[in-house]
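# Secondary and tertiary structure notes
Residue strings, one per chain:
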Amino acid sequence: QTEKSNQSDSDDISKPQKNERIALKKMVADHKKETDQMREAMMRARADLENARRRFEREQKESQLYAAEKTLKAMIPVVDDLDLALANLPEGEDAKITEGIKLVHRKFLQALESQGAKTFYPVGEAFDPSSHEALMEMESEEVETGHIVQVFQRGWTLNSRLLRPAKVIIAK
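What counts as what
Residues numbered from 1 in each chain as written. Predicted model: local features only at pLDDT ≥ 70, side-chain atom pairs only at ≥ 80, totals over all residues. Heavy atoms only, no water. Helix = DSSP H or I, 4+ residues; strand = E, 2+ residues; numbered from the N terminus. Expected span 1.5 Å × (residues − 1). Buried < 20%, exposed > 50% of the residue type's maximum accessible area, 1.4 Å probe, protein only. Contact = heavy atoms within 4.5 Å. Pairing = 2+ DSSP bridges. Axes fitted to C-alpha atoms, helices over the stretch in contact; angles between N-to-C directions. Polar contact = N/O pair within 3.5 Å; in protein donor to acceptor, adjacent residues only side chain to side chain.

Once that is clear, we can look at helix H2 (residues 69-87). The terminal C-alpha atoms of H2, which comprises 19 residues, lie 27 Å apart, in line with the 27 Å expected from a rise of 1.5 Å per residue. Every buried residue of H2 is accounted for by Glu69, Leu72, Ile76, Val79, Asp80 and Leu82. In this fold, the buried residues of H2 make contact with helix H3 (95-114), strand E1 (117-120), strand E3 (148-153), strand E4 (155-158) and strand E5 (161-164).

If you want it as structure tokens, here you go:
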């Protein structure tokens, strides 16, 4: 009987302890769940931060590569005018004037190229609407159909980005 009474006493004591253990286990599970959620949120925030840093670096590099774009676009018509001046110099014009225009033209081209601008003159190449602007078509026996017969204005790129398409005539 004493053993039974001891057992019933231990049963009475163990019920509150069981309830307490259940409550503690639930609290631990809740805290673990909350900790896991916080860890996941922290990892997401860290990944977002890393992505933002990479995006910023990429945009900064791109910005540096193309910072001169607006200025170069403004200078290209000056080169066009120098091209026209050189092409239309009257015969017998003063050699010093001709040499002066050629020198300025060369320096202008060098200045543009030093900033990453490159010119292209696509005579004979296949027409590409992404880098050429067709002004007209004409019959040609020398150039294949769909290829460029003549260039009115040279095209320009800046670090592989098109600044201005070449204005061309296409063979039909």
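What follows picks up the thread again.
Attention shifts here to the sheet that holds E1. One open sheet holds the three strands; their spatial order is E1-E4-E5, and the pairing between them is antiparallel. The strands lining the two open edges of the sheet, one partner per strand, are E1 and E5. Neighbouring strand axes in the sheet, compared pairwise and without regard to direction, differ in orientation by 35° on average. Note: E1 against E4, four bridges, orientation antiparallel. Counted as the bridge partner of lysine 118 is threonine 157 from E4. Across the sheet, H2 is in contact with E1, E4 and E5; its angle to E5 comes to roughly 45°.

The topology assignment puts arginine 164 in strand E5. Arginine 164 sits in the buried class, given a relative accessible area of 13%. A distance of 2.5 Å separates polar atoms of two side chains, one belonging to arginine 164 and the other to aspartate 80. Beyond its immediate stretch of four places on either side in the chain, arginine 164 contacts Ile76, Asp80, Phe120, Gln153, Arg154, Gly155 and Trp156.

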